[in-house]
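# Geometric and topological summary
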Amino acid sequence: MVTKIIDRCRLPGVWAAVSLFSLWSAGAGAAVDAGELYKKHCAECHNPDRLGAMGPALLPQNLKRLRKPAAARVITTGRPATQMPAFGDKLTGEQIQALVDFVYTPLPEVPRWGMKEIRASHLTPNRPEDLADEPVFKADMENLFIVVELGDHHATLLDGDKFEPIYRFPTRFALHGGPKYGRNGRYVYFASRDGWISKFDIYNLKYVAEVRAGINTRNLAVSADGRYVIAANYLPHNLVVLDADDLQPLKVIPAADDAGHSSRVSAVYTAAPRQSFIAALKDIPEVWEIDYGNRERPFSVRRIRVKDYLDDFFMNQDYTRIVGTSRSGGGQVVDLDSGKAVDSLALPGMPHLSSGITWDYKGRRVLATPNIKEGSVTVIDMQTWDMVKRIETLGPGFFMRSHENSPYAWVDVFFGPNKDAMHVIDKRTLEIVKTLRPAPGKTSAHIEFTKDGSHALLSIWDDDGALIVYDAKTLEEVKRIPMRKPSGKYNVHNKLTRSSGTSH
Ligand code: HEC
């Protein structure tokens with residue numbers, strides 16, 4: 001499979017850039033030909049054009065979460081228990097540094113990954129006729145969790161009543177954006193950083209289809225009718241619609257404005273009542289609505305022009321409004337039906353709006369969101385869009401969660417010296433009632449509730465991490481299960497019913 005992919009994605013033009021780069025680095029005084037070194041030592045596993053094969057893609061867009069010194073360490077010492085070898089005894093420090101600079105240099109042009117390449121990547125590891133129509137284990141199928149363990153690229157299927165792992169299985173390298181359920185929770189779809197979309201059959205505990213929909217992918221969404229999967233890509237600049245049954249590609253939608261300026265796609269969401277997908281664009285001031293219910297013109301794009309780039313936003317429960325922040329700091333409320341901005345609001349602190357949640361507070365609906373740039377939670381009245389309260393926290397947060405049956409909202413302190421803290425806020429008083437520090441010194445993050453809201457599951461975001469189960473009423477720890485950087489957990493019921501306490 002590796003050689004097939006390498007052959008398939010050889011790009012004309014990139015080799016020219018490789019030698020240009022070598023000339024440049026030679027000219028800069030380093031007598032190291034990074035392109036040649038790459039070809040000799042790395043291309044076999046990472047693809048000649050760095051698009052990834054058996055090993056992950058080595059492009060600046062894909063390496064964002066890995067700092068350069070960490071990349072140098074990986075190349076020098078390898079990664080234990082993986083196929084990434086150590087080069088410390090084969091290459092000099094200078095050569096390794098040249099390779100690091102090389103893999104963080106953008107390709108001269110956006111790599112081609114169109115219908116042909118997507119189709120050719122398609123895999124069907126198990127055939128539907130060989131699979132049972134009943135689950136091969138016993139559990140409340142609506143109260144299952146998928147826990148993504150980024151530490152060693154695995155996922156765990158967890159029984160949400162007993163808090164016991166049912167099955168642990170490998171995933172593609174670096175999952176991104178949260179898995180999504182289809183068809184009443186029988187199937188779960190994953191997107192990986194490098195563009196692989198995988199469909200896993202929970203009944204049979206087996207993958208049934210995979211396809212590489214992009215080179216650098218942000219997330220995926222599944223249509224409410226379970227027929228389609230759509231992937232949002234940074235590389236290339238597009239959205240890709242797949243048949244949810246077998247993941248065959250149906251349509252590639254290039255992301256560009258009328259003048260032809262292309263854009264990365266930040267994220268895509270399902271707007272169930274509208275029978276559409278909503279896409280956030282990074283580089284053009286538009287929000288797109290992609291209609292999947294219209295059989296005459298399937299996947300037609302409606303462009304909603306907005307005042308500024310809205311690459312992170314919140315959608316209200318009935319999907320009539322989106323609330324987004326602009327890069328300059330102000331917020332806007334856009335009515336999806338009219339396609340017009342209907343209000344503006346003050347949102348300092350860079351809220352993480354796609355993690356926003358809502359509840360009823362003193363007879364009105366409020367939206368609460370953590371902030372990425374300041375230690376606070378912002379609570380906003382959803383009728384007037386005025387700020388109801390700014391709740392001070394111990395540092396910037398990333399995820400906020402609650403449940404219809406719980407009086408509490410949980411918010412992490414994701415950044416800074418207090419990253420090991422987790423605040424519990426009383427939704428009735430908007431006060432912090434408890435601050436937990438379940439593993440001092442290690443990041444605690446990302447809550448998800450059980451189906452009935454009786455328990456809250458927390459992640460210790462560390463390679464030597466854990467999943468911690470709390471009684472959601474007493475806030476006491478019930479169980480701790482060791483896991484490898486469990487980045488997120490996703491409850492079948494809460495996700496499929498679009499609980500107002502979680503993101504969708
Ligand atoms: C035999 C196959 C193989 C070869 C040869 C190889 N790699 Fe890797 N590399 C991998 C695999 C597999 C991983 C993913 C390891 C993991 O699961 O963390 C990886 C990971 C990496 C990473 C970390 C990526 C990330 O996002 O965390 C870097 C950087 C890297 N390789 C660079 C190189 C360079 C530079 C070379 C050549 C000097 C090279 N690799 C040669 C297989 C290989």
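Residues numbered from 1 in each chain as written. Predicted model: local features only at pLDDT ≥ 70, side-chain atom pairs only at ≥ 80, totals over all residues. Heavy atoms only, no water.

### What about the site of the ligand?
As a reminder, the rule being used: Any residue with at least one heavy atom within 4 Å of a molecule or strand is counted as near it. Any N or O atom pair separated by 3.5 Å or less is treated as a polar contact, with the protein-specific requirement of one donor-capable and one acceptor-capable atom, and with residues adjacent in sequence counted only for side-chain atom pairs. Each residue gets one of three labels, nonpolar for Ala, Val, Leu, Ile, Met, Phe, Trp, Tyr, Cys and Pro, charged for Asp, Glu, Lys and Arg, and polar for the others, Gly among them.
Contacts to the ligand come from 22 residues, most closely from Cys42, Cys45, His46, Arg79 and Met84. The separation between a nitrogen atom of the ligand and a polar side-chain atom of His46 is 2.7 Å. In the shell around the ligand, the residues fall into 14 nonpolar, 6 polar and 2 charged.

### A closer look at the pattern of salt bridges
Defined as follows: Put simply, a salt bridge is a Lys or Arg side-chain nitrogen that is within 4 Å of an Asp or Glu carboxyl oxygen. Exposure categories follow from relative accessible area, calculated using a 1.4 Å probe and restricted to protein chains: below 20% of the type maximum is buried, above 50% is exposed, and the middle band is partly exposed.
By the definition in use, this model includes 39 salt bridges. Here Glu129 ties to Arg127 by a salt bridge, and the two come within 3.7 Å at their closest N and O atoms. With relative accessibility at 48%, the residue Arg127 sits in the partly exposed group. In this structure, a network of salt bridges that share partners links the residues Glu149, Asp152, Arg168, Asp463 and Arg484.

### What about the pairing of strand β8 (residues 216-222)?
The criterion, for reference: A run of H or I in DSSP counts as a helix once it spans at least four residues, and a run of E counts as a strand once it spans at least two, with each numbered from the N terminus. Paired strands are those between which DSSP finds at least two bridges.
The element β8 is extensively covered by neighbouring structure, given that 6 of its 7 residues are classed as buried. When β8 meets strand β9 (residues 228-235), the two strands line up antiparallel, connected through 6 bridges. Paired with Ala221 across the two strands is Ile230, which belongs to β9. Taking the residues between adjacent antiparallel strands as the criterion, β8 and β9 are bridged by 5 residues, where Gly226 takes a positive phi near 75 degrees.

### Some remarks on the confidence of the model for the protein
As a note on interpretation, predicted positions should not be read in detail where pLDDT is low. Going by this rule: Values of pLDDT, ranging from 0 to 100, describe the predictor's confidence in every residue of the model. In what follows, a contact means two residues having at least one pair of non-hydrogen atoms within 4.5 Å.
Summary statistics for the protein give a mean pLDDT of 91 and a share of 94% for residues scoring 70 or more. In the model, residues 1-30 has pLDDT below 50 throughout and makes 44 contacts with residues more than four positions away in sequence or in other chains.

### Concerning the sheet that holds strand β14 (residues 286-291)
Strand pairing in a sheet relies on backbone hydrogen bonds. The paired strands run either parallel or antiparallel. Note the threshold: For helices, the fitted axis covers only the stretch in contact; all axes are lines through C-alpha atoms, and the angles between them, taken along N-to-C directions, range from 0 to 180 degrees.
Spatial ordering of the open sheet is given by β12-β13-β14-β15, a layout of 4 strands whose pairing is antiparallel. The sheet terminates laterally at β12 (265-271) and β15 (300-305), the two strands that pair on one side only. Each neighbouring strand pair of the sheet contributes to a mean axis angle of 25 degrees, computed without reference to strand direction.

### Structural notes on the coordination of the iron atom of the ligand
The condition is simple: Nitrogen, oxygen and sulfur within 2.8 Å of a metal are treated as its donors, or within 3.2 Å for sodium, potassium and calcium (Na, K, Ca); water is not counted, so a site can appear incomplete. Geometry is assigned from donor-metal-donor angles: four donors are tetrahedral when every angle falls between 85 and 135 degrees, four are square planar and six octahedral when opposite donors sit over 155 degrees apart with all other angles between 65 and 115, and any other arrangement is irregular.
Binding of the iron atom of the ligand to the protein goes through His46 (NE2) and Met84 (SD), at separations of 2.0 to 2.1 Å. Relative to the metal, the 6 donor atoms surrounding the iron atom of the ligand lie at angles of 85 to 178 degrees, and the coordination shape comes out octahedral. Here His46 is found in helix α4 (residues 43-46), whereas its partner Met84 is found in the loop between α5 (68-77) and α6 (93-103), with 38 residues between them in sequence.

### Focus: the side chain of Thr358
Summarising the element assignment, Thr358 is placed in strand β20 (residues 357-361). Polar side-chain contacts of Thr358 include one of 2.9 Å to the side chain of Arg365. When near neighbours in sequence (up to four residues on either side) are disregarded, Thr358 contacts Phe314, Gln317, Arg365, Val366, Leu367, Met382 and Ser500.

### Brief notes about the sheet that holds strand β7 (residues 206-212)
Taken in spatial order, the 4 strands make up an open sheet running β4-β5-β6-β7, and their pairing is antiparallel. Strand pairing shows two members of the sheet lacking a second neighbour, β4 (180-182) and β7, which therefore form its edges. Across the sheet, the axes of successive neighbouring strands diverge by a mean angle of 25 degrees, strand direction being ignored. Bridge count between β4 and strand β5 (residues 187-191): 3 bridges; the pairing is antiparallel. For Tyr181, the partnering residue across the bridge sits in β5 and is Val188.

### Comments concerning the packing of aromatic side chains
Short version of the rule: Ring pairs are drawn from Phe, Tyr and Trp, using the six-membered ring of Trp, whenever the two centres fall within 6.5 Å, and their geometry is named by plane angle: stacked under 30 degrees, edge-to-face over 60, tilted for the rest.
A complete count under the given rule lists 18 aromatic pairs for this structure. When the centroid spacing of 6.3 Å and the interplanar angle of 55 degrees are considered together, the rings of Tyr228 and Tyr292 count as tilted. Of the two residues, Tyr228 sits in strand β9 while Tyr292 sits in the loop between β14 and β15, which places them 64 residues apart along the sequence. Each member of the pair, Tyr228 together with Tyr292, is buried. Ring centres of Tyr228 and Phe299 lie 4.9 Å apart, and the angle between their planes is 85 degrees; this geometry places the pair in the edge-to-face category. With Tyr228 in strand β9 and Phe299 in the loop between β14 and β15, this residue pair connects regions lying 71 residues apart in the sequence. Each of the two residues, Tyr228 as well as Phe299, counts as buried. Cluster of aromatic residues (ring-pair linked, three or more members): Tyr167, Phe169, Phe190, Phe200 and Tyr207.

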